[in-house]
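# An overview of the molecular structure
Spelled out from the first residue to the last, the chains are:
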Amino acid sequence: MEGSSIRLRVNGQDITAPAGLMLLEVLRRNGIEVPTLCSDPRLAPASACRLCEVEVRGQERPLCACATPVTEGMVVETHTPALEAFRRTMLELYARHIPAEAPERLAGKPFQALLDQYGVAPAGQRQPARRDAAHSYLDVDLSYCVSCGRCVRICDELQGQGVWTEASRGMDSHVAPQAAASLLESGCVSCGACADTCPTGAIEDVARLVHGRPERWVRTTCPYCGTGCELELGVQSGHITEARPVADSVVSRGHLCVKGRYGFGFNEAPDRITEPMLRRGEAWEVVSWDEALDAAASALRQTLMSRGPSAVGVLASSRATNEENYLTQKFARLALGTHNVDCCARVCHAPSAAGLGQVLGTGAATNSFADIERAGMLLVVGANPTENHPIVGARIRQRARAGVPLVVIDPRRTELADEATVHLAPRLGTNLPLLQAMAHVILLEGLADLAFLQARTENLEPYAASLRAWAPERAAGLCGVAAEDIRRAARIYATRKPAMCFHGLGITEHLQGTDGVMALAHLALLTGNLGVPGAGVNPLRGQNNVQGSAQMGCEPTRLTGYQPFARALATHVRVWGAALPEAPGLTVMGMLDAAGEDRLKALLVVGYDVLLSHPDARTTAENLHGLDALIVLDLFMTETARAFGTVFLPAASTFEKEGTFMNGERRVQRVRRALPPRGHSRTDQEILCALAERLGAGEHFRFSDAESVWNEVRQVWREVQGITYARLDREGGLQWPCPDEAHPGTPVLHAEAFPGGGKAAFRILDYTPSAQVTTDAHPYLLNTGRGLFHFNAATMTGRTRNGEIRRDDALDLHPADAANLGVADGDAVTVSSRHGSFTLRAHLTDRVKPGEPFATFHSVPAFVNRATGPGRDRQTGTPEYKVTAVALRKA
């Protein structure tokens, strides 16, 4: 860690530097470039290449600058004739083995730059036996390897996968995939970090070899999960050809996952729709924008006139920008006169917003991803971040390997469970009993933070009384987890402060999802793990802007900023210059119910495949069939549009527009246009504003650009008034609350007080078992979720080469269950519930428990949601995706 300043002298110049830095970093900060091959700022020093050796007064031999800490009074020479001659000699030794016949592979690489600088040329030949071209994204030709070890170290130190290894010794030393014949057959997760760090192109992106070096780079934010990684898109001849991580990103720290680095190919997929269309009978017909917009406006107007505003609804997109989501809810409320507006946060993390909001006063993450490195212990509940939030997952794994205690609560033995100090694997649907038992232990054993409880909480006594019934032995009987393991986990959480909790959909997508989130907040309150760095309760948000879509007001009971009507209505009326509807609105689940009951007749759906994404697909389809008009804004023909759409309005992609996203830690970050909209597609902003004009509300939707929309957001929501485009471009992402332009943003919520200055209130939580229980007819409990290589409905990843790495969904099945069913690995298995069925190939693994198979849900042909049930969280209506009673049979 950097400490006080020290003084040193380099090449005759006096330099001041923070103590604790390595000399190489100090030299770079002061514009003094010293050659290196094995150095990468993301990695610990290795001193392998020796090119960074410098002369230090008083030292008998030159020292490697990368591994030499600066000291007071140090005198350094970096480019003496002896050092330069040594560097040239070393480069000649390296170049002797590098092929001379294919210079394009070295083009733009650090090694080539050093060869040019020192007048050295490659003199080797290619060795075909060292080539591995089996991987979809990464081409390996170890003829170009200089044994710097960066690929081995970055895979180990940054990603934590340990795929690459140093094989053999001495002159025969070389890197190779560990225990695998090829990279594709190894445990490679295709993050591309090895190619990103390789100084010679020995490991290279296939796209770079095909398309060459990009003409320009555009910095933007990843369109996949809610981590909010920053990336740079490489553009050449009007096409995105590659992506790379942003080295100085405070979120992703120079790292990306397979989706962020390689998942851009959907942008030019051949089936992307770039022309407006109307359904004529059973067929879609391409029409002009005017005709399509007129048809959409006419359908909405007709429904408004015949059935009133309660008969129309709008579904916003968690993939769209903050600005577009803001306009979407404004369109619903002013152009259509309804609060029937919602987004897919409803089917994932609405319980997080509700639960944290009820207990802590703010329904968002309390802390920042940077706190992972500050935490005294880490608690991961109902989340699989190494697959679903890979950059966060990699950081948690590295902390666990560094000795930080890790407790994982998950029915499956995930990758992080392998690293855990304690892994609790509760039966599906029993999160609440387990968390209540942990709270019971903390209070019974005197592990609570009494000072924090007295100063900052209320309702403790009745809450504590309610916990007396939740001894670990009782919870153990319900959860199938040993009582002593529950005690051990509770003790670790309470005593290794600061304790940081992350949770995912394994908490929220249950009958008691909101209660589960409140139980996590209770644990943090009991132990004083709030308002300090390295602690808190932090939802791992699923989509790139699911946090932003809800915060922008795409929610029937909240306005911009997720503010209740009572607090924000007057401000919105003043800024908008119009009255808002008085009738309450419906959630997306309520809208679908209303469509099935002939109460909702027209629906505008933005970037949301409802039919494929929602549970109990048969009922969802029956409800959608009740609509007279379904207007779709999207990039592709979704299953919803294919079955029920009446108007299709082609949307621009994330890469084709300006705006902002909001990640899971409340950070607002810029989205920048790399390309113009493809074909005749348009941004959501253009489409919504054009529709508003046709519906007579155009005066409220005349914005010149995305920035002007954001500036209106700042007017109606005080917590982002200090976040401007100029600051975002200059300073990077900012976390709200940020009430003025001098404010630095808020990495940690609740440091001094909870919203309103009051205390956080404990809630009494009663356990209600799920109706999804096993029977003779349905003896298994099905769990569902995402995998690493695909994303949600695979609308984007399904149109990339990710499918070559993970070809389709699979049913994870315990070998004991497979034996009982007569199923072998790879066999097709039909999964049937009371609601429907699907068929997937079996993947035999002991990472799931007997009786609890797990299915990913990305495949359209499989359509896993045919079998999931109608259960919903009792407070928010979020579907109970995580537990469905099913039968299995070999197909």
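Coordinates for the structure precede this section.
Residues numbered from 1 in each chain as written. Predicted model: local features only at pLDDT ≥ 70, side-chain atom pairs only at ≥ 80, totals over all residues. Heavy atoms only, no water.

### A word on the nonpolar core
Across soluble globular proteins, nonpolar side chains have a tendency to be buried as a group. Core analysis: the largest hydrophobic core is formed by 99 residues, its most contacted members being Phe-331, Leu-649 and Ile-723. Here the element with the most residues in this core is helix H8 (residues 289-307); it accounts for seven residues. Excluding its chain neighbours within four sequence positions, the residues that come into contact with Leu-649 are Trp-289, Ala-292, Leu-293, Ile-631, Val-632, Leu-633, Asp-634, Ile-687 and Leu-691. Ranked by size, the runner-up nonpolar core spans 51 residues in total, among them Leu-360, Ile-442, Ile-486 and Val-517. (Core = buried A, V, L, I, M, F, W, Y, C linked by side-chain atoms within 4.5 Å. Buried < 20%, exposed > 50% of the residue type's maximum accessible area, 1.4 Å probe, protein only. Helix = DSSP H or I, 4+ residues; strand = E, 2+ residues; numbered from the N terminus. Contact = heavy atoms within 4.5 Å.)

### A look at the packing of aromatic side chains
Using the criterion set out here, one finds 10 aromatic pairs in the structure. Relative to Phe-502, the ring of Phe-369 lies with its centre 6.5 Å away and its plane at 25°, an arrangement referred to as stacked. Of the two residues, Phe-369 is situated in the loop between helix H10 (350-360) and strand E18 (377-381) and Phe-502 in strand E22 (residues 499-503); the sequence distance between them amounts to 133 residues. With respect to burial, Phe-369 and Phe-502 carry one shared label: buried. For the pair Trp-717 and Trp-736, a centre-to-centre distance of 5.1 Å together with 65° between the ring planes defines the contact as edge-to-face. Residue Trp-717 is found in the loop between helix H28 (706-716) and helix H29 (725-731), and its partner Trp-736 is found in the loop between strand E31 (734-735) and strand E32 (760-761); the two are separated by 19 residues along the sequence. The pair formed by Trp-717 and Trp-736 is uniform in burial state, with each residue classed as buried. Over the ring of Phe-754 we find Arg-456, and its NZ or CZ is 4.5 Å from the ring centre. (Phe/Tyr/Trp six-rings, centres within 6.5 Å; stacked < 30°, edge-to-face > 60°. Lys NZ or Arg CZ within 6 Å of the ring centre and 35° of its normal.)

### What about the packing of helix H14 (residues 431-444) against helix H18 (residues 483-495)?
It is the contact of H14 with H18, at a shortest axis distance of 9 Å, that shows an interaxial angle of 65°. As H14 packs across H18, the resulting crossing turns out to be right-handed. Listed contacts from H18 to Leu-434, Ala-437, Met-438, Val-441 and Ile-442 of H14 are Ile-486, Arg-487, Ala-489, Ala-490, Tyr-493 and Ala-494. Counted by class, the contact of H14 with H18 contains 10 nonpolar, no polar and one charged residues. (Axes fitted to C-alpha atoms, helices over the stretch in contact; angles between N-to-C directions. Left-handed = near helix turned anticlockwise from the far one by under 90°. Nonpolar A, V, L, I, M, F, W, Y, C, P; charged D, E, K, R; others polar.)

### What to know about the pairing of strand E30 (residues 667-671)
With respect to burial, E30 is a largely interior element, five of its five residues being buried. Judged from the four bridges that link them, strand E29 (residues 659-662) and E30 form a sheet pairing that is antiparallel. If you follow Met-662 over to E30, its bridge partner there is Val-668. Linking E29 back to E30 in an antiparallel pair, the connection comprises four residues, with Arg-666 at a positive phi of about 70°. (Pairing = 2+ DSSP bridges.)

### Focus on H8
With 19 residues, H8 should cover 27 Å at 1.5 Å per step; its first-to-last C-alpha distance of 27 Å lies within 8% of that length. Residues of H8 that are buried include every one of Trp-289, Ala-292, Leu-293, Ala-296, Ala-297, Ala-299, Leu-300 and Thr-303, and no others. Summarising the axial view, the buried residues of H8 lie within an arc of 150°, below the 170-degree limit, and thus occupy one face. Counted as exposed and oriented over 90 degrees from the buried face of H8: Gln-302, Met-305 and Ser-306. (Expected span 1.5 Å × (residues − 1). Arc of directions from axis to C-beta.)

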